[in-house]
Amino acid sequence: MVISIKPVQTGLLACTVVVTSATLSNKQSQTNNVSPFLTDAKIVSDRLLIEDNKQCTYVGADGTEVVAEPATEPATYVEQVASPALLALLHLDVNTKRPIWTKAVVDELDKIVASGGSISCAHYPHSAEDVALAVGRADLDLSKAKVGVVSSISPWVEHVLRSAGASHVVTIDYNQPIVCAGVPWIESKSVSQFGNEIGVYDLLVSFSGIEHSGLGRYGDPLNEVGDIEAMQQMHKALAPGGFLLLAIPTANESKVAGIFHRIYGADRLAWLLDSRFTFVGRVWNGRILGGWSDVSTPPKLFPKSNEFDVIADWMNQHVLILQKLPGPAHQPAVMNFSSVAYTDPASQLSYLALLAITIAIAVRTIGRHSGGARPVRE
């Protein structure tokens, strides 16, 4: 799900979010198609959403309790979750398009781990193991800590935190999951609720989220500094000395890949962290490395195009271990196209094209709703 300051109604995120196969390298073709290995829709039944003799419900817009109804199509595609079996259990609610997290979903994650498998998804290999190592590096007693996950389509990060000792995990998303009765240790919150929390969390984890903020792909308002504002929001929610485990795509040059995502070079990452966080270290493929002084140690944090050990640049997401510094977050500097983070001509053109498309859609929509006859669709 996209992390931004203003609420949106649609959009999901990678592994945790449906980040899609946008801007793949030549080594991998782009696809938004559902994998043929996915579930048959007929397996969805009323029984799936009854746990401990309780129906899975959520609070509707009018404040009343609504029974969740799973859609027949899967919530995402197989490369975004740990296994086809997990995907067969993971569905969106028909009315709200929110992911439904049942005990069966968590049980499947338990089963994978118990069999010696990984709950990392194909698009982010070793992600679960890297998050677990980073959690250990943060050196917190999770049984007593307040922990949260920012952006989730499936509860794999929540599962990692529980395995590390957390007794209660808060998951935060615009498209907040509907958590069923059989999963009492996960609490679901909206971004609006999260925005009102100050100094609450000892640990937050955000895997593949804020690089989409403000680019509009998931219905969020265009905002050049959407990622900066998301960082401010997480900084505000952390307790003094609290930790943020942040995974975003990094490379030797900063760029904006159209509406799809940002890639972070050293310049934009430094701006992202500003003076709000200490860069304690990072984890990649089982290796624990240092912070700024260690970015050129292989595996490099900012590799060139011929140095990646993943198929696409957006898959290069080291888990950054960040610790909150005391004091309030700054307001971000005003950003423009001469800023170092946007000096790549392709990035400038991509953003300008995005802006032009958005304006064209808005004009067309206003025209359709300004009165007069409108075509009838069959």
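**Section: the confidence of the model for the protein**
For step 1, the next point in the chain: The pLDDT averaged across the protein works out to 78; a share of 71% of its residues lies at or above 70.
For step 2, the next point in the chain: Overall, residues 1-47 carries pLDDT values under 50, and its contacts beyond four positions in sequence, including any with other chains, amount to 153 contacts.
For step 3, the next point in the chain: Throughout residues 330-351 the model reports pLDDT below 50, and contacts reaching past four residues in sequence, or to other chains, amount to 48 contacts.

**Thoughts on the side chain of Ser-120**
For step 1, the next point in the chain: With respect to the element layout, Ser-120 can be found in the loop between helix H2 (103-114) and helix H3 (127-138).
For step 2, the next point in the chain: Given the relative accessible area of 9%, Ser-120 is considered buried.
For step 3, the next point in the chain: In terms of polar contacts, Ser-120 uses its side chain to reach the backbone amide nitrogen of Ala-128, at 2.9 Å.
For step 4, the next point in the chain: A polar contact of 2.8 Å, which involves the side chain of Ser-120, links it to the side chain of Glu-129.
For step 5, the next point in the chain: With residues up to four places along the chain from it excluded, the contact list for Ser-120 reads Ala-82, Pro-125, His-126, Ser-127, Ala-128 and Glu-129.

**As for the nonpolar core**
In globular proteins that are soluble, nonpolar side chains generally tend to be buried together.
For step 1, the next point in the chain: One finds Val-131, Leu-142, Trp-156, Leu-161, Leu-203 and Leu-245 to be the most contacted residues of the largest nonpolar core, which totals 53 residues.
For step 2, the next point in the chain: Counting residues per element, this core draws most heavily on H3, which supplies five residues.
For step 3, the next point in the chain: The contacts of Leu-142, once residues within four sequence positions are left out, are Val-135, Val-147, Leu-161, Ala-164, Gly-165, Ala-166, Ser-167 and Leu-203.
For step 4, the next point in the chain: Counting 31 residues, the second largest nonpolar core, distinct from the first, contains Val-170, Leu-204, Ala-230 and Leu-269.

**Concerning the sheet that holds strand E13 (residues 238-247)**
For step 1, the next point in the chain: Strand order across the open sheet formed by eight strands is E11-E9-E8-E12-E13-E18-E16-E17, with mixed pairing between neighbours. Looking along the sheet, the strands with just one partner apiece sit at the ends: strand E11 (186-189) and strand E17 (287-290). Direction aside, neighbouring strands of the sheet carry axes that sit 20 degrees apart on average.
For step 2, the next point in the chain: Where strand E12 (residues 201-207) meets E13, six bridges bridge the pair, whose relative direction is parallel. Across the sheet, Tyr-201 pairs through a bridge with Leu-238, a residue of E13.
For step 3, the next point in the chain: Its contacts with the sheet place helix H4 (residues 156-163) against strand E8 (147-150), strand E9 (169-172), E11 and E12, and it is angled at close to 140 degrees to E12.

**Remarks on the pattern of salt bridges**
For step 1, the next point in the chain: Per the counting criterion, the structure on display carries eight salt bridges.
For step 2, the next point in the chain: Between Arg-268 and Asp-227 there is a salt bridge; the shortest N-O distance is 2.8 Å. Within this pair, whereas Arg-268 is found in helix H7 (residues 266-273), its partner Asp-227 is found in helix H6 (residues 226-237), the two being separated by 41 residues in sequence.
For step 3, the next point in the chain: Assessed through its relative accessible area of 2%, Arg-268 is described here as buried.

**Looking at H2**
For step 1, the next point in the chain: Given a rise of 1.5 Å per residue, 12 residues ought to cover 16 Å, and the 16 Å separating the end C-alpha atoms of H2 matches this to within 8%.
For step 2, the next point in the chain: Looking at H2, one finds that the buried residues are Val-105, Val-106, Glu-108, Leu-109 and Ile-112. One side of H2 holds all its buried residues, which, seen down the axis, span an arc of 155 degrees. Along H2, exposed side chains directed more than 90 degrees from the buried face belong to Lys-111 and Ala-114.
For step 3, the next point in the chain: Among the structural elements, helix H1 (84-89), strand E7 (99-101) and H4 are those in contact with the buried residues of H2.
For step 4, the next point in the chain: Just past H2, the residue Gly-116 takes up positive phi, approximately 85 degrees.

**Thoughts on unusual backbone geometry**
For step 1, the next point in the chain: Going from Pro-298 to Pro-299, the amide bond is cis rather than trans, its omega being -5 degrees.
For step 2, the next point in the chain: Residue position: Pro-299 is located in the loop between E17 and strand E18 (319-324).
For step 3, the next point in the chain: Even without being glycine, Asp-139 reaches a positive phi, approximately 55 degrees.
For step 4, the next point in the chain: In this fold, Asp-139 is placed in the loop between H3 and E8.
For step 5, the next point in the chain: On the basis of relative accessibility, which here comes to 67%, the residue Asp-139 falls in the exposed class.

**Focus on the environment of Glu-307**
For step 1, the next point in the chain: Residue placement: Glu-307 occurs in the loop between E17 and E18.
For step 2, the next point in the chain: You can call Glu-307 partly exposed: its relative accessible area is 35%.
For step 3, the next point in the chain: Of note is the side chain of Glu-307, whose polar atom sits 3.0 Å from the side chain of Lys-300.
For step 4, the next point in the chain: A distance of 2.7 Å separates a polar atom in the side chain of Glu-307 from the backbone nitrogen of Lys-304.

Parameters and conventions
- Residues numbered from 1 in each chain as written.
- Predicted model: local features only at pLDDT ≥ 70, side-chain atom pairs only at ≥ 80, totals over all residues.
- Heavy atoms only, no water.
- pLDDT = per-residue confidence, 0-100.
- Contact = heavy atoms within 4.5 Å.
- Helix = DSSP H or I, 4+ residues; strand = E, 2+ residues; numbered from the N terminus.
- Buried < 20%, exposed > 50% of the residue type's maximum accessible area, 1.4 Å probe, protein only.
- Polar contact = N/O pair within 3.5 Å; in protein donor to acceptor, adjacent residues only side chain to side chain.
- Core = buried A, V, L, I, M, F, W, Y, C linked by side-chain atoms within 4.5 Å.
- Pairing = 2+ DSSP bridges.
- Axes fitted to C-alpha atoms, helices over the stretch in contact; angles between N-to-C directions.
- Salt bridge = Lys/Arg side-chain N within 4 Å of Asp/Glu carboxyl O.
- Expected span 1.5 Å × (residues − 1).
- Arc of directions from axis to C-beta.

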